[in-house]
Amino acid sequence: DGIVTLPAALPRCARPRIRRRVPRLPDSTAQSRRPTSGRGRSSANGPMITLQQAFTRAFALEATGRRDEAAAIYRQILAVTPDHPGAMLKLAEIDFAEGRVEPARELLVVALDVARRRGLPAGRIWLALGEVEAARRDPAAAEVAFAHAVELAPDDVRTLIAHGRFLMQERRHAAAES
C-alpha cells in the first residue's frame, strides 16, 4: 500500500549519505567532555554541535540568568553564520537588557536588513528595535518600529503590550486604549 521498507542493515555502500546543511559549532560550553566514540564529529576545540543545539543551550542559559554565557554562544553562532538574524536579535536583547543600547540598536538594524533581503519574518526584530528606540528617547523611531511590529504580528500579546506601554509613556492614552 505504498509503504516501502528497507532491510535493517544495509551494506555500507548502499547507506544513504545524509549531509547536514546546518553548520556545526565548537561545543565550548559543555560542562563535561566525553571522548567521542568515532561517531560524533569533533574539532581541536572539542565536540561539535548544530546551530539548533547551540540555540537550545543559549536559551537555557538565558532562562537561568547566565546571560554572559548565552551571549558567548550567540557570538559563536555569528562567527560561523555572520548574517544569522536570530542570533543578532538574541545578542541585541542581551545587550539591551544589560544597558548597552547602541550596540543593541546596531545589531537590530543589521538583523532587519538581513531578514528583509532573505524574506524572513522580522516582527520580533521590529519589536526589539521599538523598545531600544524608546529607551534612546527617540519616540518617532520607536513608533515606526512598533507600527511595523504590530503590522506583522497584530495578535501577538507581547507586541501589543510593549506598544501600549510605549504609548502610555508618551501620554498618548487614547491611542494606547485602541
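Please read all numbers here as calculations on a predicted model, not as lab measurements. (Residues numbered from 1 in each chain as written. Predicted model: local features only at pLDDT ≥ 70, side-chain atom pairs only at ≥ 80, totals over all residues. Heavy atoms only, no water.)

So, on to the packing of helix α2 (residues 67–80) against helix α3 (residues 85–97). Two numbers describe how α2 lies on α3: the axes approach to 9 Å, and their chain directions differ by 150 degrees. One way to sum up the angle between α2 and α3 is to call them roughly antiparallel. Along this stretch, α2 crosses α3, giving a crossing that reads as left-handed. From α2, Arg-67, Ala-70, Ala-71, Tyr-74, Arg-75, Ile-77 and Leu-78 reach across to α3, where they touch Ala-87, Met-88, Lys-90, Leu-91, Ile-94 and Ala-97. (Axes fitted to C-alpha atoms, helices over the stretch in contact; angles between N-to-C directions. Helix = DSSP H or I, 4+ residues; strand = E, 2+ residues; numbered from the N terminus. Parallel < 35°, antiparallel > 145°, perpendicular 65-115°, else oblique. Left-handed = near helix turned anticlockwise from the far one by under 90°. Contact = heavy atoms within 4.5 Å.)

Let us look at the packing of aromatic side chains. Summed over all chains, the structure comprises two aromatic pairs. Ring plane angle 45 degrees and centroid distance 5.7 Å describe the contact between Phe-55 and Phe-59, whose orientation is recorded as tilted. Of the two residues, Phe-55 and Phe-59 both sit in helix α1 (residues 51–63), four residues apart, roughly one turn of that helix. Between Phe-55 and Tyr-74, the ring centres sit 5.9 Å apart and the planes meet at 45 degrees, which makes this aromatic pair tilted. With Phe-55 in helix α1 and Tyr-74 in helix α2, the pair connects residues that are 19 residues apart, well separated along the chain. Residue Phe-55 is classed as buried on the basis of its relative accessible area, which comes to 9%. The class of Tyr-74 is buried, set by a relative accessible area of 0%. (Phe/Tyr/Trp six-rings, centres within 6.5 Å; stacked < 30°, edge-to-face > 60°. Buried < 20%, exposed > 50% of the residue type's maximum accessible area, 1.4 Å probe, protein only.)

Take the nonpolar core next. Judged by nonpolar contacts, the single largest core of 39 residues is most densely connected at Tyr-74, Ile-77, Leu-108, Ile-125 and Trp-126. Those elements that place two or more of their residues in this core are α1, α2, α3, α4 (101–118), α5 (123–135), α6 (139–152) and α7 (157–169). Ranked by residue count, the leading element in this core is α4, at seven residues. Sequence-distant contacts of Leu-108, that is, excluding residues within four places in its chain, are made with Leu-89, Ala-92, Ile-125, Ala-128, Leu-129 and Val-132. (Core = buried A, V, L, I, M, F, W, Y, C linked by side-chain atoms within 4.5 Å.)

This paragraph deals with the layout of surface pockets. When its volume is computed, the second largest pocket comes out at roughly 220 Å³. Considering every element that reaches the lining of the second largest pocket, the biggest residue donor is α3, with four residues. Of the residues belonging to the lining of the second largest pocket, the class tally is nine nonpolar, three polar and two charged. (1 Å grid on protein atoms, 1.4 Å probe; cavity = no way out; pocket = protein on both sides within 12 Å on 5 of 7 lines; lining within 4 Å. Points joined across faces, edges and corners; volume = space filled by probe spheres on them. Nonpolar A, V, L, I, M, F, W, Y, C, P; charged D, E, K, R; others polar.)

Let's shift gears to the confidence of the model for the protein chain. Confidence along the protein chain averages 77 in pLDDT terms, with 69% of residues attaining 70 or more. A low-confidence stretch, residues 29–40 (pLDDT under 50), is modelled with 11 contacts involving residues beyond four sequence positions or located in other chains. (pLDDT = per-residue confidence, 0-100.)

Sequence spacing of Phe-55 and Tyr-74 is 19 residues, and the spatial spacing of their C-alpha atoms is 7.7 Å. Apart from the residues within four sequence positions on either side, Phe-55 is in contact with Tyr-74, Ile-77, His-84, Gly-86 and Ala-87.

Right, let's get into α6. Compared with an ideal rise of 1.5 Å per residue, which puts 14 residues at 20 Å, α6 spans 20 Å between its outermost C-alpha atoms and is within 8% of the ideal. Taken residue by residue, α6 has Ala-142, Ala-145, Phe-146 and Ala-149 as its buried positions. Seen from one end, α6 has its buried residues packed into an arc of 100 degrees, which puts them on one side. Along α6, exposed side chains directed more than 90 degrees from the buried face belong to Ala-140 and Glu-151. Contact partners of the buried residues in α6: α5 and α7. (Expected span 1.5 Å × (residues − 1). Arc of directions from axis to C-beta.)

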